[in-house]
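These are the residues of each chain, in order.
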Amino acid sequence: MERTRQLLTSKTFLIHLVLIVGSVAMVVPFLWMILTSLKTYAESIQVPPVIIPEDFQWGNYKEVFGLLPFFKFMYNTVIVTVLRTVGQLFLCSLAAYAFARIEFPGRNILFILALSVLMVPGQVFLLPQYMIMVKLGWLNSLQAVIVPGLFSAFGTFLLRQFFMGLPKELEEAARLDGCNHFQIYWKIMLPLAKPGLIALGIFTTLWSWNELMWPMIVNSSPESMTLSAGLSSLQGQYLTNYPILMAGSFLAILPMLILFIILQKQFIEGIAVTGGK
Amino acid sequence: MKELPLQVEVKSKKVFKVSNLTKTRKRSDYFWAYLMIAPTMLGLFIFYLWPIVQTFYFSFTEWGAFGQYEWTGLDNYKRMLEDTNLIKSFKNTGIYIIFTVPIGIFLSILVAVLLNQNIKGKSVYRTLYFLPVITMPAAIAMVWKWLYNSDFGLLNYLLSLFGIKGPQWASDPKIALYSIIVVGIWSGIGYNMVIFLSGLQGIPKTYYEAAEMDGAGPFRVFFTITMPLLSPVIFFVSIMSLIGAFQVFDLIFMMIGKSSTALENTQSIVYLFYQHAFVLNDKGYAAAIAVLLLIVILIITAIQMVLQKKWVHYD
């Protein structure tokens, strides 16, 4: 009895040891980001390094806001993220409902066509998408980032899986009551597909907030830049002034960090759902 | 039970109307279905499906300075064969994949299995490991570049405590790619861990209890129970990681300067695509690179699909 207990505690001890070492590796870069962002430039290049800065240099954050239109970047990113997420949730769920619950001619072919988009790496779309933006005169505008992001084969596929799992009786009852398909979708199916919607919502939010290449290609003016691209231009200006760069980086990730802390469970379950299907 | 015959009766009374009814009902079905899929299908067609065709077409063209282009047949593809940069970028991407995918999967399974044990503080660990997943790659690249800084970086300072003089992690052409690989693995563990964790929770506890009764050790349990039952998830994650690793761009773009001597040894296929498409205005060639990338990814996915029969267990 005593031996097994010892074995058990040594086993849990080992597990914790491994997990703690990993956690430290996960967290240290973030801590270092925050600490550096509060140092003076001189402190940041001191050897041996200053761990805790003598005076917290909140001015670094002020400088980021002052020299780049960082508020504007943040505002742009919020607009892009919100509109893309809401738009995608609505449009994908509409299409997903039809694909899952209504029989119509051409359903399979159209669905396979949509799915084929999933097999293709993103770079294949970029050049023609860029040219559409040039033709529409949308370069350096937020709609250049928002509009292509409203449509998602992945989202349609994910939500279709959810709708397919719902029982048919619900729908039949509603039809007898004289509901049309939009009403069934809106009043009955959408509330039931909530876990799927949350998963897709989180996935799209993360993706839109963090995306770099497309926003960088279509928006080079600060007026319409998003945070990822903004960081890249910050790096171009400040090269090795790491306190400023780290302040900018931390500001760029802070909103997602807060959202994650509030909605932790939904984030993790959402990712598990998008991956598991 | 009693109501059943009644329903049948009602139905039989209405029978003469049914064919008419189903017709109008069907027509309204079609109407709603097409209306509901129209926005998404139209958007997918304009921004995704037609562009696939266009990119294929562009890959046979050459572009001038003002956006005009002419048909040049297979020239772009012939040019690829002699483009040492492209060959190098394939090699770089290959090395990136070979390290990040297996090591990333191994570490995330390890963390997931440990977190699946009956221990305290699970949710705290899970949160910490998940942090990089929600973090913008541009910011991740920036902080790692700083950690890697050869003179003032934290990493080389820690090494110096052991009397080791650390290299130039992000700018030595021999090392930079491996430094990026470390960051790639670091940032991907949390995502895969969550997927593996939900896979592990689907394995019935009774299996483990039975194994314990038989006196199987932890490694045996892992290889005879966990691995086979988790294999569909491992398969899925390996395909997704592979496709993701093939398209590595953000980290390289942010960590390696445009004039860095390490660029040649770190630039990936997608980096080269970006260069040709949007920096050098060599859009025809960029399109050919995109097509090549598509073909390679499809072939590798197909190979994985075939190989999975040998090791993935579905039941």
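Residues numbered from 1 in each chain as written. Chains lettered and ligands numbered in written order. Predicted model: local features only at pLDDT ≥ 70, side-chain atom pairs only at ≥ 80, totals over all residues. Heavy atoms only, no water.

(A) Fine view of the pattern of salt bridges. This structure, assessed with the given rule, holds six salt bridges over all chains. For Glu171 of chain A, the salt bridge identified is with Arg101 of chain A, shortest N-O distance 2.8 Å. Placement of the pair is Glu171 of chain A in helix 9 (residues 168–176) and Arg101 of chain A in helix 4 (residues 70–101), with a sequence separation of 70 residues. Take Glu171 of chain A and Arg101 of chain A: they sit in the same class, and that class is buried. Note that Arg25 of chain B is salt-bridged to Glu172 of chain A, the shortest N-O span being 3.7 Å. Placement of the pair is Arg25 of chain B in helix 1 (residues 3–58) and Glu172 of chain A in helix 9, with the two residues belonging to separate chains. (Salt bridge = Lys/Arg side-chain N within 4 Å of Asp/Glu carboxyl O. Helix = DSSP H or I, 4+ residues; strand = E, 2+ residues; numbered from the N terminus. Buried < 20%, exposed > 50% of the residue type's maximum accessible area, 1.4 Å probe, protein only.)

(B) Structural detail: the UniProt feature "transmembrane region" (unreviewed entry) in chain B. All names here are of chain B. With numbering aligned to this structure, UniProt lists the feature "transmembrane region" (unreviewed entry) at residues 31–50, 95–115, 127–147, 175–200, 221–249 and 285–307. End C-alpha atoms of residues 31–50 are separated by 25 Å, and the span's content is 100% helix alongside 0% strand. Annotation note: span residues 221–249, helix share 90%, strand share 0%, distance between end C-alpha atoms 39 Å. (UniProt positions renumbered as here; feature names shortened; annotations may be inferred.)

(C) Quick peek at the interface of chain B and chain A. Residue-level contacts link 83 residues of chain B with 96 residues of chain A. When the two sides are added together, the surface that chain B and chain A hide from each other amounts to roughly 8400 Å², 78% of it contributed by carbon and sulfur. Its largest share of buried area at the contact with chain A, chain B owes to Met36, Phe47 and Trp146 of chain B, together 10% of the area lost on that side. Note that Asp29 of chain B and Arg175 of chain A form a salt bridge whose closest N and O atoms lie 3.1 Å from each other. At 23 residues, helix 1 of chain B tops the list of elements feeding residues into the side of chain B that touches chain A. (Contact = heavy atoms within 4.5 Å. Buried area = accessible area lost by both parts, 1.4 Å probe.)

(D) Structural view of the layout of surface pockets. Considering only enclosed or pocket space, the second largest pocket measures out at about 1500 Å³ in volume. What lines the second largest pocket is a set of 33 residues, and nearest its centre among them are Lys11 of chain A together with Val113, Gln117, Pro218 and Val221 of chain B. Among the elements of the structure, helix 1 (2–37) of chain A together with helix 3 (84–115), helix 8 (205–213) and helix 9 (218–246) of chain B are those that each provide at least two residues to the lining of the second largest pocket. Counted by class, the lining of the second largest pocket contains 20 nonpolar, eight polar and five charged residues. (1 Å grid on protein atoms, 1.4 Å probe; cavity = no way out; pocket = protein on both sides within 12 Å on 5 of 7 lines; lining within 4 Å. Points joined across faces, edges and corners; volume = space filled by probe spheres on them. Nonpolar A, V, L, I, M, F, W, Y, C, P; charged D, E, K, R; others polar.)

(E) Fine view of the UniProt feature "domain: ABC transmembrane type-1" (unreviewed entry) in chain B. UniProt's entry tags residues 90–304 of chain B with the feature "domain: ABC transmembrane type-1" (unreviewed entry), counted in the numbering of this structure. Split by type, residues 90–304 of chain B is 77% helix and 0% strand. Its first and last C-alpha atoms lie 19 Å apart.

(F) Spotlight on the packing of aromatic side chains. Under the criterion given, the structure shown has 47 aromatic pairs over all chains. Residues Phe151 of chain A and Phe47 of chain B carry aromatic rings whose centres are separated by 6.0 Å and whose planes lie at 15° to one another, so their mutual orientation is stacked. Of this pair, Phe151 of chain A sits in the loop between helix 7 (142–146) and helix 8 (153–164) while Phe47 of chain B sits in helix 1, each in a different chain. Each member of the pair, Phe151 of chain A as well as Phe47 of chain B, is classed as buried. Here the aromatic rings of Phe45 of chain B and Trp50 of chain B are separated by 6.5 Å at their centres, their planes lie at 20°, and the arrangement is stacked. A relative accessible area of 44% places Phe45 of chain B in the partly exposed class. Its guanidinium or amino end placed over the ring of Trp32 of chain A, Lys39 of chain A lies 4.1 Å from that ring's centre, counting from NZ or CZ. The cationic tip of Arg79 of chain B hangs over the ring face of Tyr285 of chain B; the distance from NZ or CZ to the ring centre is 3.8 Å. (Phe/Tyr/Trp six-rings, centres within 6.5 Å; stacked < 30°, edge-to-face > 60°. Lys NZ or Arg CZ within 6 Å of the ring centre and 35° of its normal.)

(G) The arrangement of the environment of Val182 of chain B in detail. Residues and elements named next belong to chain B. Position of Val182 relative to the elements: it lies in helix 7 (residues 176–200). By relative accessible area, Val182 is classed as partly exposed at 41%. On a C-alpha basis, the gap between Val182 and Thr100 in space is 7.6 Å, while along the polypeptide they are 82 residues apart. Those residues in contact with Val182 that lie beyond four places of it in its chain are Trp144 and Tyr148.

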